[in-house]
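Below, each chain spelled out in residue letters.
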Amino acid sequence: MILKAKVYNKIFAFQSFKEVMAKANEEKSGDELVGIAAKSASERVAAKLVLSNLTLEDIYNNPVIPYEEDEVTRAIYDGLNLRIYQEIKSWTVGYLREYVLDHKTTGEDLAHISRGLTSEMIAATAKLMSTMDLVCGSKKMRVQSHCNTTLGVPGTLAFRCQPNHPTDSIEGMMASLKEGLAYGSGDAVIGINPVEDNVETVTRLLETVKNFMIKWEIPTQNCVLAHVTTQMKALEKGAPVDLVFQSIAGTQKANDAFGVSAAILDEAFALAQHKGSATGPNLMYFETGQGSEVSLDAHLGVDMMTLEARTYGYARGYRPFMTNNVSGFIGPETIYSGREVIRADLEDLFMGKLHGLPMGIAPCYTNHMKADQNDQEMGTLLCAMAGSNFFMGVPGGDDVMLSYQDTSYHDDASTREILGLRPLPEFEKWLEKMGILENGKLTERAGDPSIFDK
Amino acid sequence: MAVANNELEKVIIQSVMEELAKKGLLSQKGKDHVMSAAMMDTPIVPNTESKEMVTFPPQEEMQISNPFNADAVKAMKKLTPARIGIGRAGTRPKTMSLLRFLADHAVAQDAVFLDVSEEFLQRMNLMSVQSAAASKDEFLQRPDLGRRLSVEAVKTVSEKCEKNVQVQILIVDGLSSSAIEANIPDLLPALMQGLKSSGIKVGAPFFVKNGRVWIQDHVASIVNSDLIISLIGERPGLGTAESLSAYMIYRPNENTVEADRTVISNIHKGGIPPAEAGAHLTDVIKQILAAKASGVKLNQQK
């Protein structure tokens, strides 16, 4: 394993694979904060050069956190297909990048090798990729999943309708939901972040949305994004849960801080299978984001991007219906600017897809970041071109409960129309029946929440 | 110059009109109408004395063209602060929705990235020191630096602050300078008055630039007060950039955790009004001093 590189007249020597991984990253404030980022532009390139020459076997033998010490590492290694790994272990990371991008390599080919790749191998590859590389690679991969409807159908783009309310008011939530549906948002899921994390609130929200879905025959799934253990209690009491949600991270220590473990997730998945209201087989909804381990002081000296890949390695065993990335939500100490968040979104989309996950992106930002609406819109279009399965839908782009900005109902409709993408097939039929959509375009009637108030 | 251009314009319009009239493409009435419009003097210099200005329409205004049920949309808008019933231009927001969003974000960004003005600090008679974060950029990217005073600030606080008082008040910009300028003028006098009339010994309040909550632990270690309270700007939302929080702790030390702090948040004119907050905080401070504990430990004693 060669850990030294020469960039023109300068020689850079690295101490470990972990150090190379951190220094090969594009600039992000979280890596700077932890003190593991490259000290110069030349050092960054030197790390990429070293990385390009490492074999997949080198990486397999050097997990950034040891197997014995971390549940996430164990999930990644225990889930690996060793036969496929053996076939490709002599490949270098540089070769893997070219293999991903080669015209002859199909999405099917990538889905196949995916099973023989550890999260660190996938992260390493993405570190050698530029913006357009990431879009080209991501676009090839289409991951479909099924809960009540099918997500990821070619030619479609779905949205989570996110009708949050600052006091969990049912009527207030319903007003935002109707507005979202009237713009064609909500085919991925109707997903509400509750303020109060308790069984009563969660059940009340779930039942209200489910009844509305039944009354108006809306083909989608519902979810309330409380802590997984609260949703499990609600499930036990018979609440109509289609998707079980949880935020997860790339180290056991960070997952401990989130109050989750493999044991809890196993139990939640089993409960969703036995008592949930959805068809399945995909019943989980995960959220992830670069920087969560840093903000929880649970990074163990590993860079944010590699930890994000490890999160996907942890997630894939649960065969989620959807995995949503919210790197822009965490704050300026991890991702500082619009440029950093766009880069993170594209990395995450690529890494998630190469893990075989049905990825969606929230190209979001908070008010204490150096980012604005223009950055968000650029990120959204790039991720849509890269074949994100879904985005969020927030009224006017302003989440009045979580206090951050995400893709708006308007952005949802715009992105579909700009790129000629359609809603999920069953949902499109429903939108046409409701007179909201015609030939893939919003009708005159669209955008009016009062169409549900007959 | 302007007048000459205007004259030239009139001549051009007149000849075009005459040509059109000759060809029968323009009626006399039409020609007269255009000419009278062209002859009108338009103000060249903007009138800065005028009271007229462009403002946003009221937020509750329903923006959907030809809604199915306008009353239902209006009722829905009352149920949530979310941006609904805002209509669209094609798939995009209407101009006013776009500009209102930009304005709200601009106000939030200014609250984060601009400093509390020197003029304000002088007017409030507040001594000013700085955290170890030298700039806003550094403050935002290095939370650790915002949690302690700069070397110079340590010296200033050691030399100028009264030691061993019961209560030390800090005003900290945190994530919103606007929250400081909006609330402190009403909040601070009310709080000082409340504490003094309760016979509590208070050190002179001072301002910390680029500070985070934990910086109160560093200050407390120097001034040795029983209780230290930070009035700190909260991370702005698009709804308000003026929300302030008060963090109080009884004798912090190296083992202090977040749960040891008592927090009152949402202080602003749309939440807990600042003058009212001053009275409320006085009561909380009295409880903490009596219990010799804050945060979860205080709640356990109740």
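Residues numbered from 1 in each chain as written. Chains lettered and ligands numbered in written order. Predicted model: local features only at pLDDT ≥ 70, side-chain atom pairs only at ≥ 80, totals over all residues. Heavy atoms only, no water.

Trainee: Any chance you could break down the sheet that holds strand 4 (residues 227-233) of chain B for me, citing the residues and the numbers?
Mentor: Residue and element names in this part refer to chain B. The strand order across the open sheet built from 6 strands is 1-3-2-4-5-6, with neighbouring strands paired in mixed fashion. Edge positions in the open sheet fall to strand 1 (127-130) and strand 6 (262-267), since each of these has one partner strand only. Adjacent strand axes in the sheet meet at a mean angle of 25 degrees, parallel and antiparallel pairs treated alike. Alignment of strand 2 (residues 167-172) against strand 4, held across 6 bridges, turns out to be parallel. Each bridged residue has a counterpart across the sheet, and for Ile169 the counterpart in strand 4 is Ile229. Sheet strands in contact with helix 9 (residues 215-223) are strand 2, strand 3 (206-209), strand 4 and strand 5 (244-250), and its direction is about 145 degrees off that of strand 4. (Pairing = 2+ DSSP bridges. Helix = DSSP H or I, 4+ residues; strand = E, 2+ residues; numbered from the N terminus. Axes fitted to C-alpha atoms, helices over the stretch in contact; angles between N-to-C directions. Contact = heavy atoms within 4.5 Å.)

Trainee: Any chance you could break down the pattern of salt bridges for me, citing the residues and the numbers?
Mentor: Residue and element names in this part refer to chain B. One pass over the structure, following the stated rule, counts 35 salt bridges over all chains. Measuring nitrogen to oxygen at the nearest pair gives 3.0 Å for the salt bridge that ties Glu162 to Lys201. On the criterion of sequence distance, the pair formed by Glu162 in the loop between helix 7 (151-160) and strand 2 and Lys201 in the loop between helix 8 (177-197) and strand 3 is long-range, its members being 39 residues apart. With relative accessibility at 39%, the residue Glu162 sits in the partly exposed group. Relative accessible area serves as the criterion here: at 44%, Lys201 is assigned to the partly exposed category. Measuring nitrogen to oxygen at the nearest pair gives 2.8 Å for the salt bridge that ties Arg261 to Asp217. Placement of the pair is Arg261 in the loop between strand 5 and strand 6 and Asp217 in helix 9, with a sequence separation of 44 residues. Take Arg261: its relative accessible area is 6%, and that puts it in the buried class. Each of Asp115, Lys136, Asp173 and Lys209 takes part in one network of salt bridges that share partners. (Salt bridge = Lys/Arg side-chain N within 4 Å of Asp/Glu carboxyl O. Buried < 20%, exposed > 50% of the residue type's maximum accessible area, 1.4 Å probe, protein only.)

Trainee: Give me the lowdown on the nonpolar core, citing residues and values where you can.
Mentor: Ranked by internal contacts, the top residues of the largest apolar core, which has 148 residues, are Leu51, Leu117, Tyr285, Met322, Phe350, Met351 and Trp430 of chain A. Of the residues that make up this core, three or more belong to each of domain 1 (4-140) and domain 2 (145-452) of chain A. In this view, Met322 of chain A contacts Leu151, Ala188, Val189, Leu243, Met284, Tyr285, Phe286, Pro358 and Phe390 of chain A; residues no more than four positions away in its chain are not counted. Counting residues in each nonpolar core, the second largest holds 36 residues, with Ala179, Ile229, Val284 and Ile288 of chain B among its members. (Core = buried A, V, L, I, M, F, W, Y, C linked by side-chain atoms within 4.5 Å. Domains from an automatic or database assignment.)

Trainee: Explain the interface of chain A and chain B to me, using residue names and the numbers behind them.
Mentor: Counting residues at the interface gives 50 residues for chain A and 37 residues for chain B. Taken together, both faces of the contact between chain A and chain B bury some 3500 Å²; the carbon and sulfur share is 60%. Put simply, chain A and chain B have 4 salt bridges between them. The closest approach of N and O atoms between Asp137 of chain B and Lys370 of chain A, which form a salt bridge, is 3.7 Å. The interface formed by chain A and chain B includes 20 residue pairs in polar contact (both at pLDDT 80 or more). Breaking the side of chain A that touches chain B down by element, the ones donating at least two residues are helix 2 (29-34), helix 11 (170-182), helix 19 (373-385) and helix 20 (409-419) of chain A. The element best represented in the side of chain A that touches chain B is helix 11 of chain A, accounting for 6 residues. Residues of the side of chain A that touches chain B, tallied by class, amount to 17 nonpolar, 18 polar and 15 charged. (Buried area = accessible area lost by both parts, 1.4 Å probe. Polar contact = N/O pair within 3.5 Å; in protein donor to acceptor, adjacent residues only side chain to side chain. Nonpolar A, V, L, I, M, F, W, Y, C, P; charged D, E, K, R; others polar.)

Trainee: Lay out the domain arrangement of chain A with the relevant residues and their values.
Mentor: All names here are of chain A. Segmenting chain A into domains produces domain 1 (4-140) and domain 2 (145-452). Here the C-alpha centre of domain 2 lies 27 Å away from the C-alpha centre of domain 1. The interface of domain 1 with domain 2 comprises 42 residues on the first partner and 43 residues on the second. Summed over both sides, the interface of domain 1 with domain 2 buries roughly 3600 Å², with 64% coming from carbon and sulfur. It is Lys28, Glu71 and Val72 that lose the most area in domain 1 upon contact with domain 2, and together they represent 18% of the buried surface on that side. Counting across the interface, domain 1 meets domain 2 through 4 salt bridges. The closest approach of N and O atoms between Lys28 and Glu347, which form a salt bridge, is 2.8 Å.

Trainee: Which residues make up the UniProt feature "binding site: substrate" (unreviewed entry) in chain A, and what values do they have?
Mentor: Residues and elements named next belong to chain A. Per the UniProt annotation, the sites labelled "binding site: substrate" (unreviewed entry) are Arg160, Cys161, Gln162, Asn193 and Glu287. If you trace the backbone, Arg160 turns up in strand 5 (residues 158-161). Every residue in contact with Arg160, bar those within four places of it in the chain, is listed here: Ser185, Ala188, Val189, Gly191, Ile192, Asn193, Leu225, Tyr285, Glu287, Phe391, Met392 and Gly393. Reaching out from Arg160, the side chain makes a polar contact with the side chain of Asn193 at a distance of 2.7 Å. Here Gln162 shows up in the loop between strand 5 and helix 11. Beyond its immediate sequence surroundings of up to four residues, Gln162 is in contact with Gly191, Asn193, Met392, Gly393, Val394, Pro395, Asp399, Leu402 and Tyr404. (UniProt positions renumbered as here; feature names shortened; annotations may be inferred.)

Trainee: Outline helix 7 of chain B, listing residues and values.
Mentor: Residue and element names in this part refer to chain B. Along helix 7, the positions that sit buried rather than exposed are Ala153, Thr156 and Val157. Projected down its long axis, helix 7 shows its buried positions confined to an angular sector of 95 degrees, all on one face. In helix 7, the exposed positions that point more than 90 degrees away from the buried face belong to Val151, Lys155 and Glu159. (Arc of directions from axis to C-beta.)

Trainee: Now, about the state of the cysteines: what can you tell me, with residues and values included?
Mentor: Residue and element names in this part refer to chain A. Applying the stated criterion across every chain yields a total of 0 disulfides over all chains. Free of any disulfide, Cys161 has its nearest cysteine sulfur in Cys223, 13 Å distant. Accessibility expressed as a relative area gives 0% for Cys161, which makes it buried. (Disulfide = S-S within 2.5 Å.)

Trainee: An account of the UniProt feature "binding site: adenosylcob(III)alamin" (unreviewed entry) in chain A is needed here, citing residue identities and associated values.
Mentor: All names here are of chain A. Per the UniProt annotation, the sites labelled "binding site: adenosylcob(III)alamin" (unreviewed entry) are Pro194, Gln246, Ser295 and Met401. Within the secondary structure layout, Pro194 lies in the loop between strand 6 (189-192) and helix 12 (199-215). Assessed through its relative accessible area of 10%, Pro194 is described here as buried. Residues contacting Pro194, with those up to four places away along its chain left out, are Asp168, Thr201, Leu205, Val224, Leu225, Ala226 and Met401. Relative to the helices and strands, Met401 resides in the loop between strand 13 (398-399) and strand 14 (404-405). We classify Met401 as partly exposed; its relative accessible area is 22%. Beyond its immediate sequence surroundings of up to four residues, Met401 is in contact with Asn164, His165, Pro166, Asn193, Pro194 and Val195.

Trainee: Which residues make up helix 3 (residues 41-53) of chain A, and what values do they have?
Mentor: Counted at 1.5 Å a residue, the expected span for helix 3 of chain A with its 13 residues is 18 Å, and the 19 Å between its end C-alpha atoms agrees. When helix 3 of chain A is considered as a whole, its buried residues turn out to be Glu43, Arg44, Ala46, Ala47, Lys48, Val50 and Leu51 of chain A. (Expected span 1.5 Å × (residues − 1).)

Trainee: Provide a residue-level description of the packing of helix 10 (residues 131-140) of chain A against helix 18 (residues 338-354) of chain A, including the pertinent values.
Mentor: Residue and element names in this part refer to chain A. Orientation of helix 10 relative to helix 18, taken along the N-to-C sense of each, is 30 degrees, at an axis distance of 9 Å. Overall, the two elements helix 10 and helix 18 adopt an arrangement that is roughly parallel. Along this stretch, helix 10 crosses helix 18, giving a crossing that reads as left-handed. Two secondary-structure elements touch here, helix 10 through Thr131, Leu134, Val135, Gly137 and Ser138 and helix 18 through Arg343, Leu346, Glu347, Leu349, Phe350 and Lys353. (Parallel < 35°, antiparallel > 145°, perpendicular 65-115°, else oblique. Left-handed = near helix turned anticlockwise from the far one by under 90°.)

Trainee: I'd like to hear about the packing of helix 17 (residues 304-315) of chain A against helix 18 of chain A, residue by residue, with values.
Mentor: All names here are of chain A. At their nearest, the axes of helix 17 and helix 18 sit 9 Å apart, and the two run at 35 degrees to each other. Remark: the crossing between helix 17 and helix 18 carries right-handed chirality. Between helix 17 and helix 18, the contacting residues are Met305, Glu308, Ala309 and Tyr312 on the first element and Glu347, Asp348, Met351 and Gly352 on the second. Looking at side-chain class alone, the contact of helix 17 with helix 18 contains 4 nonpolar, 1 polar and 3 charged residues.

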